[in-house]
Amino acid sequence: MSRNHSPLGNNNLQNYPEGRNLYFEDVELGDEIGPLEKIASDQDVIDFCNLWGPPTPNRFTDANEAAKSKLSGPIVPGIMTMALMAQLFTDWANQDSLKDLNLVFRQSVPHNKPLIIDATITDTREEGEEHLIDCDVVMTGQERERYVIGTATVSLPSRNSQ
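As the structure is a prediction and not an experimental result, all values here were calculated from the model. Every chain's residues receive numbers from 1 upward, in the order its sequence appears when written. Only residues with pLDDT of 70 or above have their local features reported here, since the model is predicted, and side-chain atom pairs are shown and tallied only from 80 upward, although totals for entire chains, interfaces and linings are computed over all residues. Hydrogens and water molecules were not included; the side-chain quantities draw on all heavy atoms of the structure.

1. Some details on unusual backbone geometry
With an omega of 10 degrees, the peptide bond running from Gly-34 to Pro-35 counts as cis. We count a stretch as a helix when DSSP gives it H or I for four or more residues in a row; a strand needs E for two or more, and each element gets its number in order from the N terminus. In this structure, Pro-35 sits in strand β1 (residues 32–39).

Rendered as structure tokens:
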């Protein structure tokens, strides 16, 4: 794997301003986060599996192995899909912001196709000293077919706590 290659796919990110201070008070119900577009290439999945540990070939990396599992082709591992979806929030806020991510897989996530991840803020709340936002999150394909849906909770700093 090359030094600049990420097993989470190629970085076709929306540019979030570097050093941007995002605060709890900046967000409102209905605000959208994203979209983040990723492509999990065959090589990205192989690299991820080599880091993660399942021996290759497997249903994630090989068409014949996928067919044995009655899949139409190799699929992106669930844990890799979760990492891709988490990236939406960690890029938007910061690396420590994501507190919870609950996902439901509606169908297998394919290789080599655009994956579009976005979220909508559904609630804001304070719990003790934490300022939390809840979001609905979805991963779709180019034709808006839903691969994964779920919810996320993100913690943001408050201007009032600074």
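2. With respect to helix α3 (residues 78–92)
For the α-helix, the turn length of 3.6 residues means that residues three or four positions removed from each other point alike. A helix's residues, less one, multiplied by 1.5 Å, set its expected span. Relative to the 21 Å expected for 15 residues at 1.5 Å per residue, α3 spans 22 Å between its end C-alpha atoms, a close match to the ideal helical length. To get the bend at any residue, fit one axis to the seven residues that end at it and another to the seven that begin at it, then take the angle between the two axes. Bending of α3 peaks at approximately 25 degrees at the position of Ala-86. For α3, the set of buried residues is Met-80, Thr-81, Leu-84, Met-85, Ala-86, Gln-87, Leu-88, Phe-89, Thr-90 and Trp-92. The contact criterion used is simple: two residues touch if any of their non-hydrogen atoms lie within 4.5 Å. Packing partners of the buried residues in α3 comprise β1, α1 (42–52), β2 (98–105), β3 (114–127), β4 (130–140) and β5 (146–156). When accessible area is computed with a 1.4 Å probe and restricted to protein chains, residues below 20% of their type maximum are described as buried, those above 50% as exposed, and intermediate ones as partly exposed.

3. Regarding the sheet that holds β5
Spatially, the 5 strands line up as an open sheet ordered β1-β3-β4-β5-β2, and their pairing is antiparallel. Edge positions in the open sheet fall to β1 and β2, since each of these has one partner strand only. When strand polarity is set aside, the average angle formed by the axes of neighbouring strands in this sheet is 20 degrees. DSSP-based pairing: two strands are paired if at least 2 bridges between them are found. As paired strands, β2 and β5 are joined by 7 bridges and run antiparallel to one another. Within the sheet, the bridge partner assigned to Asn-102 lies in β5 and is Thr-151. Between N-to-C directions, angles span 0 to 180 degrees; the directions come from axes that are lines fitted to C-alpha atoms, helices contributing only their stretch in contact.

4. Structural notes on the nonpolar core
For the purposes of this section, nonpolar cores are sets of buried Ala, Val, Leu, Ile, Met, Phe, Trp, Tyr and Cys residues that join through side-chain atoms within 4.5 Å. Phe-89, Trp-92, Ile-133, Val-137, Met-139 and Leu-156 are the most contacted members of the largest nonpolar core, which has 36 residues in total. Those elements that provide at least two residues to this core are β1, α1, α3, β2, β3, β4 and β5. With 7 residues, the single largest contributor to this core is α3.

5. Examining a nonpolar patch on the surface
Taken together, the side chains of Trp-52, Ile-79, Met-82 and Phe-105 make up a nonpolar region of the molecular surface, amounting to roughly 360 Å² of accessible area. If you trace the backbone, Ile-79 turns up in helix α3. Each patch is built from residues lacking any salt bridge and having more than 30% relative accessible area; the joining distance is 9 Å for like charges and 5 Å for nonpolar side chains (Val, Leu, Ile, Met, Phe, Trp, Tyr). In these tables, accessible area is a Shrake-Rupley quantity obtained with a 1.4 Å probe, and a residue counts as shielded only by the protein chains included in the view. Any Lys or Arg side-chain nitrogen located within 4 Å of an Asp or Glu carboxyl oxygen qualifies as a salt bridge.

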